Amino acid sequence: MDTTQALELCSLAEAADSGLIGLDAAEWRGRLDSSAPELRSALEWLLERDQAAALRMATALAGFWRISGQMPEGRLWLDRTLAVADANDPALPRALYEDGMLAFWQGDAAAMSLFERSLESATRLHDPTGEAVAICGIARVALREGDLERARLQCRDALDRVRGTDDRLGRSNALHLLGVSAQMRGDFIEARGFMTERMELARQLGHISSVASEASNLSVVERQLGNLERAQELALESLQLSDRRGDEWSIPFDLNSLAGIAAAGRDFERAAKLLGAAAALMDRMEMAWPPDEKPHFDRTRGSAEAALAPEVFRAAWSEGGQMSASQAVEFASAAP
């Protein structure tokens, strides 16, 4: 490894950072998977010789570590690069945010301090998008703690921070969380409005991963409104986009949505298989259910356990838990 090679690999990571949010994510993931040993060597090299490049590279790879289910490794690299980062580096707010998001998906309380540091850094560096995104991270923690009103006010604050700017990323994050908080408090019509607006903005940004995740969220809303056919369409759209993009991280959420729909249609054995697959995938990736997903997971599991004989429930759960991600996608995509 030399400086030229290390910087070339840094450029690859930064190009992939944009590619991983689009329809070609699987191709970009494949390139990063095949280059993983060299990427690690480049990060080690840059940590000793070019800390700014190391920070950019670790930040750019955060999406890769997430969709490939390697969040502990992603956090390790971000922690190491952040430990030696320049306080005035313009990449710092996002690096702290990405580290916070990986911690959040793992259910680690460290997420809050990382989001707060990201906000402080973005404010000091006059980065309104960074401020809005960090505030949305803090709102996620509020949702996990059950403080829906605080989360709503924080999202409004995030929107205020980017008002009058050309920002769309901070706005997209805020709309997403406003939709989630509305869904969690049972205001499904308002949630539908925020989620639909966020999906349109994500399409404008070419952020297909956000389109997929919002389709899954909207599926939960439509199911609770009694629109099971529309809920099924949205959940399958999300699952198919996630599978096409090689996004393993998203698949458990899609399975959770489809399990809820199966239970609503009284196909409790299918629901148990989908939940067993979702739970196993979450465990393999060392993930924790976010606050908007866990109540639905628990409720569907409770319904399936109550409706099925214990041995039938255990067998269905076990069968789902033994599925690989691709097998779970195939099973979930088949007509019930």
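Read on for an overview of the structure. Model, not experiment: these values are computed from the prediction. (Residues numbered from 1 in each chain as written. Predicted model: local features only at pLDDT ≥ 70, side-chain atom pairs only at ≥ 80, totals over all residues. Heavy atoms only, no water.)

1. As for the overall build of the chain
Reasoning step 1: Counting its regular elements, the chain contains 19 helices and zero strands.
Reasoning step 2: A globule of 336 residues ought to have a C-alpha radius of gyration of about 20 Å, and the chain, at 20 Å, matches this closely.
Reasoning step 3: Projected onto the principal axes, the alpha-carbon positions of the chain cover approximately 60 × 45 × 35 Å.
Reasoning step 4: Within the chain, the fraction of its 336 residues that count as buried is 57%.
Reasoning step 5: Put simply, of all contacts in the chain between residues at least 6 apart along the chain, 67% involve residues at least 24 apart.
Reasoning step 6: Surface exposure of the chain reaches about 13,700 Å², of which carbon and sulfur atoms provide 50%. (Helix = DSSP H or I, 4+ residues; strand = E, 2+ residues; numbered from the N terminus. Rg over C-alpha atoms; globule rule 2.2 N^0.38 Å. Buried < 20%, exposed > 50% of the residue type's maximum accessible area, 1.4 Å probe, protein only. Contact = heavy atoms within 4.5 Å. Areas by Shrake-Rupley, 256 points an atom, 1.4 Å probe, with all protein chains shown as cover.)

2. Side note on the pattern of salt bridges
Reasoning step 1: In the structure shown here, the tally under the stated rule is 26 salt bridges.
Reasoning step 2: Here R29 and D33 are joined by a salt bridge, their closest N and O atoms 3.2 Å apart. Of the two residues, R29 and D33 both sit in helix α2 (residues 25-34), four residues apart, roughly one turn of that helix.
Reasoning step 3: Since its relative accessible area comes to 35%, D33 is described here as partly exposed.
Reasoning step 4: Two residues, R80 and E44, come together in a salt bridge whose shortest N-O distance is 2.9 Å. In this pair, R80 sits in helix α6 (residues 71-83) while E44 sits in helix α3 (residues 36-49), placing the two residues 36 residues apart along the sequence. (Salt bridge = Lys/Arg side-chain N within 4 Å of Asp/Glu carboxyl O.)

3. With respect to the packing of aromatic side chains
Reasoning step 1: If you walk through the whole model with that rule in mind, you get 10 aromatic pairs.
Reasoning step 2: Taken together, a centroid distance of 4.8 Å and an interplanar angle of 70° make the contact between W105 and W249 edge-to-face. Pair noted here: W105 is in helix α7 (residues 92-105) and W249 is in the loop between α14 (228-245) and α15 (251-264), with a separation of 144 residues, a long-range link. Here W105 and W249 have matching classes, each one buried.
Reasoning step 3: A centroid spacing of 5.9 Å and a plane angle of 65° characterise the contact between F253 and W289, whose relative ring orientation is edge-to-face. Of this pair, F253 sits in helix α15 while W289 sits in the loop between α16 (268-284) and α17 (294-307); the two residues are 36 residues apart in sequence, bridging distant segments of the chain. (Phe/Tyr/Trp six-rings, centres within 6.5 Å; stacked < 30°, edge-to-face > 60°.)

4. Some thoughts on the nonpolar core
Reasoning step 1: Ranked by internal contacts, the top residues of the largest apolar core, which has 106 residues, are L32, L46, M57, L61, F115, L255 and L258.
Reasoning step 2: The residues touching L46, leaving out its near neighbours within four places in the chain, are A6, L7, C10, Q51, A53, A54 and M57.
Reasoning step 3: Core analysis: the second largest hydrophobic core is formed by 14 residues, A191, M195, V211 and L234 among them. (Core = buried A, V, L, I, M, F, W, Y, C linked by side-chain atoms within 4.5 Å.)

5. What about the packing of helix α1 (residues 3-19) against helix α4 (residues 51-60)?
How two helices pack is summed up by the angle between their axes together with the distance between the axes.
Reasoning step 1: Between α1 and α4, whose axes approach to 8 Å, the crossing angle comes to 35°. Between α1 and α4 the crossing geometry is left-handed. When α1 is examined against α4, the residues L7, L9, C10, A13, E14 and D17 are found in contact with a partner set consisting of A53, R56, M57 and A60.
Reasoning step 2: For the contact of α1 with α4, the class distribution of residues is seven nonpolar, no polar and three charged. (Axes fitted to C-alpha atoms, helices over the stretch in contact; angles between N-to-C directions. Left-handed = near helix turned anticlockwise from the far one by under 90°. Nonpolar A, V, L, I, M, F, W, Y, C, P; charged D, E, K, R; others polar.)

Such coordinate-based values are descriptive only and should not be taken to indicate function.
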